[in-house]
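# Structural characterization, general
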Amino acid sequence: MGFNCGIVGLPNVGKSTLFNALTAAAAAEASNYPFCTIEPTLGKVEVADARLDRIAAIVKPARVIPTTLGFVDIAGLVKGSSQGEGLGNRFLSHIREVEAVIHVLRCFEDDNVSHVAGAIDPLSDAATVATEMMLADLESLEKRRQPLIKKVRGGDQEAKAELALVERTLETLGEGRPARSAAVAEDQKRTFQGLHLLTAKPILYVCNVDEDSAAHGNAWSAAVARRAGQEGAGSVVVSAKIEEEIAALAEAAERAEFLDSLGLGETGLARVVGAAYALLSLITFFTFNEKEARAWTLREGSKAPRAAGAVHTDFEAGFIRAETIAYDDFVSLGGDHAAREAGKMRAEGRDYLVQDGDILLFRFKV
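Cut-offs applied
- Residues numbered from 1 in each chain as written.
- Predicted model: local features only at pLDDT ≥ 70, side-chain atom pairs only at ≥ 80, totals over all residues.
- Heavy atoms only, no water.
- Helix = DSSP H or I, 4+ residues; strand = E, 2+ residues; numbered from the N terminus.
- Buried < 20%, exposed > 50% of the residue type's maximum accessible area, 1.4 Å probe, protein only.
- Contact = heavy atoms within 4.5 Å.
- Areas by Shrake-Rupley, 256 points an atom, 1.4 Å probe, with all protein chains shown as cover.
- Core = buried A, V, L, I, M, F, W, Y, C linked by side-chain atoms within 4.5 Å.
- pLDDT = per-residue confidence, 0-100.
- Salt bridge = Lys/Arg side-chain N within 4 Å of Asp/Glu carboxyl O.
- Pairing = 2+ DSSP bridges.
- Axes fitted to C-alpha atoms, helices over the stretch in contact; angles between N-to-C directions.

Attention now goes to the overall build of the protein chain. Summing up its helical and strand segments, the protein chain has 14 helices and twelve strands in all. Across the 366 residues of the protein chain, 48% fall into the buried class. Restricting to contacts in the protein chain with at least 6 residues of sequence separation, those with at least 24 account for 69%. Of the roughly 18,000 Å² of accessible surface on the protein chain, 49% is carried by carbon and sulfur atoms.

L69, F71 and V206 are the most contacted members of the largest nonpolar core, which has 50 residues in total. Looking at this core element by element, the count peaks at seven residues for helix α10 (residues 268-280). Beyond its immediate chain neighbours, meaning those up to four positions away, L69 contacts F3, C5, G43, K44, V45, V47, V273, A276, Y277 and L282. Core analysis: the next-biggest nonpolar cluster, separate from the first, contains 15 residues, L141, L148, V166 and L170 among them.

Right, let's get into the side chain of S221. Checked against the element boundaries, S221 lands in helix α7 (residues 219-231). Excluding anything up to four places from it in sequence, S221 contacts C107, C207, V209 and V237.

Right, let's get into the confidence of the model for the protein chain. Of all residues in the protein chain, 89% have pLDDT values of 70 or greater, and the mean over the chain is 87. Here residues 84-88 is a poorly scored stretch, pLDDT under 50, and it has nine contacts once near neighbours within four places are set aside; other chains count.

Turning our attention to the pattern of salt bridges. Within this structure, the stated rule accounts for 17 salt bridges. The residue R96 makes a salt bridge to D137 at a minimum N-O spacing of 4.0 Å. Within this pair, whereas R96 is found in the loop between α3 (88-95) and β5 (100-107), its partner D137 is found in helix α4 (residues 122-153), the two being separated by 41 residues in sequence. The partner of R340 in a salt bridge is E323, and the shortest N-O contact between them spans 3.8 Å. Taken together, the residues R340 in helix α14 (residues 336-341) and E323 in strand β10 (residues 319-325) connect sequence positions 17 residues apart.

Here the phi dihedral of N12 falls at roughly 65°; this positive angle occurs in a residue that is not glycine. Its place among the elements puts N12 in the loop between β1 (4-8) and α1 (15-23). The residue H196 is not glycine, and still its phi comes out positive at about 55°. Relative to the assigned elements, H196 resides in the loop between α6 (189-193) and β6 (203-209). Look at H196 and you get partly exposed, because its relative accessible area is 47%.

Moving on: the pairing of β6. Looking along a regular strand, one sees side chains alternate from face to face of the sheet. Among the seven residues that make up β6, seven are buried, leaving the element largely enclosed by the rest of the structure. On β6, burial covers both faces: I203, Y205, C207 and V209 on one face and L204, V206 and N208 on the other are all buried. Bridging between β5 and β6 involves seven bridges; their strand directions are parallel. Residue pairing across strands places V104 opposite V206, the latter belonging to β6. With five bridges connecting them, β6 and strand β7 (residues 234-238) associate as parallel partners.

Looking now at the environment of A339. For A339, the position within the fold is in helix α14. A relative accessible area of 0% means that A339 is categorised as buried. When the C-alpha atoms of A339 and I325 are compared, they prove to be 7.3 Å apart, with 14 residues separating the residues in sequence. Not counting residues within four places of it along the chain, the set of residues in contact with A339 comprises I325, L333, K344 and M345.

A few words now on the sheet that holds β1. In space, the six strands of this open sheet follow the order β2-β4-β1-β5-β6-β7, with mixed pairing throughout. On the outer flanks of this sheet lie β2 (41-46) and β7, each paired with one strand and no other. Neighbour-to-neighbour, the strand axes of the sheet open up by a mean angle of 25°, direction not taken into account. Pairing geometry for β1 and β5, over four bridges, is parallel. When the sheet's bridge partners are listed, G6 is paired in β5 with V101. Across the face of the sheet, α7 comes into contact with β5, β6 and β7 while running at roughly 175° to β6.

Next comes the structure, spelled out in structure tokens:
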């Protein structure tokens, strides 16, 4: 099970520089000219979790495997992308394939890096990209609407419900609001997801600031944070240049010293990953045996069989139960044997909602 976040923004805002720093690999070409990125580039980022380290210290497995989060570097969008400007529609289609949108906004001045609009204005940049995505959604829904009308005339009740949802969403977009702000009943959420709308995806604004503003941001990033709050979106401050420098340091001690010298308690990667987890409502559960201790990512509210399926599809198909220990109990008691003896290991069935930090052992039949 993979969760991918698409990195979008206008050209020359630092998307590819940030992507390269996050994934610690020069996989995405970063240059000072528009449309440098053409094909989307996927990078997997290991998610640091101190809980996994403590579990490993107790069970002493042969290897330790963190969970990962995917980042996709998508080419820069421009005004008119929804009508094919730049390399528009091709790139808008790439956004449909990710679970969340990370929108990088330029919040720094640099005479050596051109800006497609000629001036630094992150709110205007955000509006440009949002408008292009909403226009693409409007076009997509209008194409879907006519066939649904024909089906409704033929007495199709499912089509009637979907048409009402489509028209409600068109009304929302027509008001200049993203599709994610549309009112969707619980029994229609699956249908709504099936519309594959760009603006239905949760969004995280990443304010790319200069090195001096990395710790506390600046006036531009503060304005973006206010906009994010109004939209119910996320917002973090990152200096892509600093992240690039951190990625080049091989030793953890060097990275920690460098961060401390800048007044930063953690890397931009940690902030972006944490915000992405919250944005996607993700949790982490753990498994272990003598060979490995491993962290896994799961959507909050998922039941035990879904967690089993994240490990292996056979586990979900043949799910019997999940032997479960809370992380705090596992650590305080010193492992699974002591937790079992203390009555802290529970046998949970198919309806159990997995909790963040659960340590799970799946019982299944083939």
